[in-house]
Amino acid sequence: MKRTKHNDISRRALLIGAGTGLAAASIVPASAQARKLTIYSAYENSQVAPLARAFEAKNPGIGVDHFRQPGEELLATLELELRARSPKADVVGLNDASIAYLQRRHDAFEPYKAAGIEKARAEMRSPGDVFTPAFVNLYLIHYNTRRISAADAPKSWFDLLEPKWRNQIAMADPNSSQSVQSFVWFIADHLVKQDPAKYGWEYFKKLGANGVHLESSHGTIRDLAVSGERPLGINLLANAQTAANRGEPTSNVWPIEGAPGELSAFGLMRASRQKELGKLWLDFIISEEGQALMPASLGGAPVRNDVAYKFPDGSALDQVKIVNVDSGFISENKRTQARKFHEALGR
């Protein structure tokens, strides 16, 4: 396999390494090992690349290797490596609930107080500095503007149950996506307390009856909305932002019930062999330069108040009803929630 910067590391090589105790770096020429930072994340290569290029420019001589899988698959890979006592990543990028899960189950991360972390919003900082916050990701309705007009687009999550949207909606499968657990919690455990007749698990039963398609990743949902194959997506801001950055024919709706928001972050692996490089990455992520790149790179809203930002539809931060997800509940109950979700959909 030819290796290039920011390309996925061969999963086969990684899994072989997990079984034999060899490090992923063993497939890198020895002369390059000392200056290679290995990042595992659920973000696409094209999303990580702008950040990686800027990091490399700021730190000459340090290269970045990025390995990407959908969130739940990445969690499984990380748990496999941790149990084999052969972690490969120096830094891991996931949502805060998944990082909390790995920390609770495996003590996977080494706390680190990144330079400039005091500039981050207080509610987004990690108690004990287990992770460094990167950006805020929100759920929204993403739609193809060539297939659906702004006037006709759904205005609420409940509108997605209308028969006219039958077989036109895509959402992520909790068995493969970590982030969709936030949306499941929002519908099944948050909104149901406000209106039990409309939300809760019955909502997903009706959504399943309306022909919702389950996909393995939010990037796939974005691509389906862009092509018009599934013109409506229950998607994340990061993907709507990426489509907007590319000038693709999509827009988004901020549903009237609110937008559940999760925090995406990076953590330094306790078993990292390149901890100093990992710390430099975390310093960069929370720096003003790194935060300013978030909308164009990973696609989310910055976590620093001193970095200006507007959503892809032009809305300002204070125009969107954001609901902070209960990451503790999600981390503790995600297996049960995924089972209940599939039972509700009858799949």
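Conventions used here
- Numbers given to residues run from 1 along each chain, matching the order in which its sequence is written.
- Owing to the predicted nature of the model, reporting of local features is limited to residues with pLDDT of at least 70; listing and counting of side-chain atom pairs is limited to 80 or more, with chain, interface and lining totals taken over all residues.
- Heavy atoms from the whole structure form the basis of all side-chain values; hydrogens and water molecules are not counted.
- Elements are defined by DSSP. Helices are runs of H or I of four residues or more, strands are runs of E of two residues or more, and each kind is numbered from the N terminus.
- Every radius of gyration here is taken over C-alpha atoms, with the globule rule written as 2.2 Å times N^0.38, N being the number of residues.
- Residue exposure (1.4 Å probe, protein chains only): buried if accessible area is under 20% of the type maximum, exposed if over 50%, otherwise partly exposed.
- Any two residues whose heavy atoms approach within 4.5 Å are treated as being in contact.
- Scored from 0 to 100, pLDDT reflects the predictor's confidence in each residue.
- Stacked, tilted and edge-to-face are the three classes assigned to paired rings of Phe, Tyr and Trp, where Trp is represented by its six-membered ring and a pair needs centres within 6.5 Å; plane angles under 30 degrees give stacked, over 60 edge-to-face, the rest tilted.
- Every angle, taken between N-to-C directions, lies between 0 and 180 degrees, and every axis is a line fitted to C-alpha atoms, over only the stretch in contact when it is a helix.
- The scheme is simple: roughly parallel for angles under 35 degrees, roughly antiparallel for over 145, roughly perpendicular for 65 to 115, oblique for anything else.
- A clockwise turn of the near helix away from the far one marks a right-handed crossing, whereas an anticlockwise turn of less than a right angle marks a left-handed crossing.
- Think of it as three bins: nonpolar holds Ala, Val, Leu, Ile, Met, Phe, Trp, Tyr, Cys and Pro, charged holds Asp, Glu, Lys and Arg, and polar takes everything else, Gly as well.
- Residues are said to line a cavity or pocket when one of their atoms sits within 4 Å of a point; the points come from a 1 Å grid over protein atoms alone, cavities being sets where a 1.4 Å probe fits but cannot get out and pockets being open sets with protein on both sides within 12 Å along at least five of seven lines.
- Grid points are joined across faces, edges and corners, and a volume is the space filled by probe spheres set on the points.

### Thoughts on the overall build of the protein chain
Secondary structure summary: the protein chain contains 12 helices and 11 strands in total. The C-alpha radius of gyration computed for the protein chain amounts to 20 Å, which stays within 12% of the reference 20 Å derived for 347 residues, consistent with globular compactness. Based on the C-alpha atoms only, the size of the protein chain along its principal axes is roughly 60 × 40 × 40 Å. The buried share of the protein chain, taken over its 347 residues, is 61%. The long-range share in the protein chain, meaning contacts at least 24 apart out of those at least 6 apart in sequence, stands at 78%.

### Some words on the confidence of the model for the protein chain
When pLDDT drops low, the exact placement of atoms in the prediction is not to be read closely. Across the protein chain, pLDDT averages 88, with 90% of residues at or above 70. In the predicted structure, residues 1-33 sits below a pLDDT of 50 and forms 58 contacts with residues beyond four places in sequence or in another chain.

### What to know about the packing of aromatic side chains
The full count for this structure, using the stated rule, is 17 aromatic pairs. Aromatic side chains Phe55 and Trp281 sit 5.1 Å apart centroid to centroid with 70° between the ring planes, which places their arrangement in the edge-to-face category. In this pair, Phe55 is assigned in helix 3 (residues 45-58) and Trp281 in helix 10 (residues 275-286), connecting sequence segments 226 residues apart. Since its relative accessible area comes to 0%, Trp281 is described here as buried. Ring centres of Phe55 and Phe284 lie 5.9 Å apart, and the angle between their planes is 65°; on these two criteria the pair is classed as edge-to-face. Remark: Phe284 occurs in helix 10 and Phe55 occurs in helix 3; sequence separation between them is 229 residues.

### A few points about the packing of helix 3 against helix 10
Geometry of a packed helix pair, given as the angle between the helix axes and the separation of the axes. Running from N to C, helix 3 and helix 10 cross one another at 115°; their axes reach a closest spacing of 11 Å. Classified by the angle between their axes, helix 3 and helix 10 sit roughly perpendicular to one another. Helix 3 and helix 10 meet at a crossing whose hand is right-handed. Facing Leu51, Ala52, Ala54, Phe55 and Lys58 of helix 3, the residues of helix 10 in contact are Leu277, Leu280, Trp281, Phe284 and Ile285. For the contact of helix 3 with helix 10, the per-class residue count stands at 9 nonpolar, no polar and 1 charged.

### A look at the environment of Ala57
Tracing the backbone shows Ala57 in helix 3. Taking the C-alpha atoms as reference points, Ala57 and Pro87, separated by 30 residues in sequence, lie 27 Å from one another.

### Observations concerning the layout of surface pockets
Space inside the largest pocket adds up to approximately 320 Å³. Lining the largest pocket are 17 residues; nearest its centre among them are Glu123, Met124, Gly261, Leu263 and Asn324. If you list the elements that add at least two residues to the lining of the largest pocket, you get strand 9 (259-268) and strand 11 (322-324). Of the residues contributing to the lining of the largest pocket, the split by class is 9 nonpolar, 3 polar and 5 charged.

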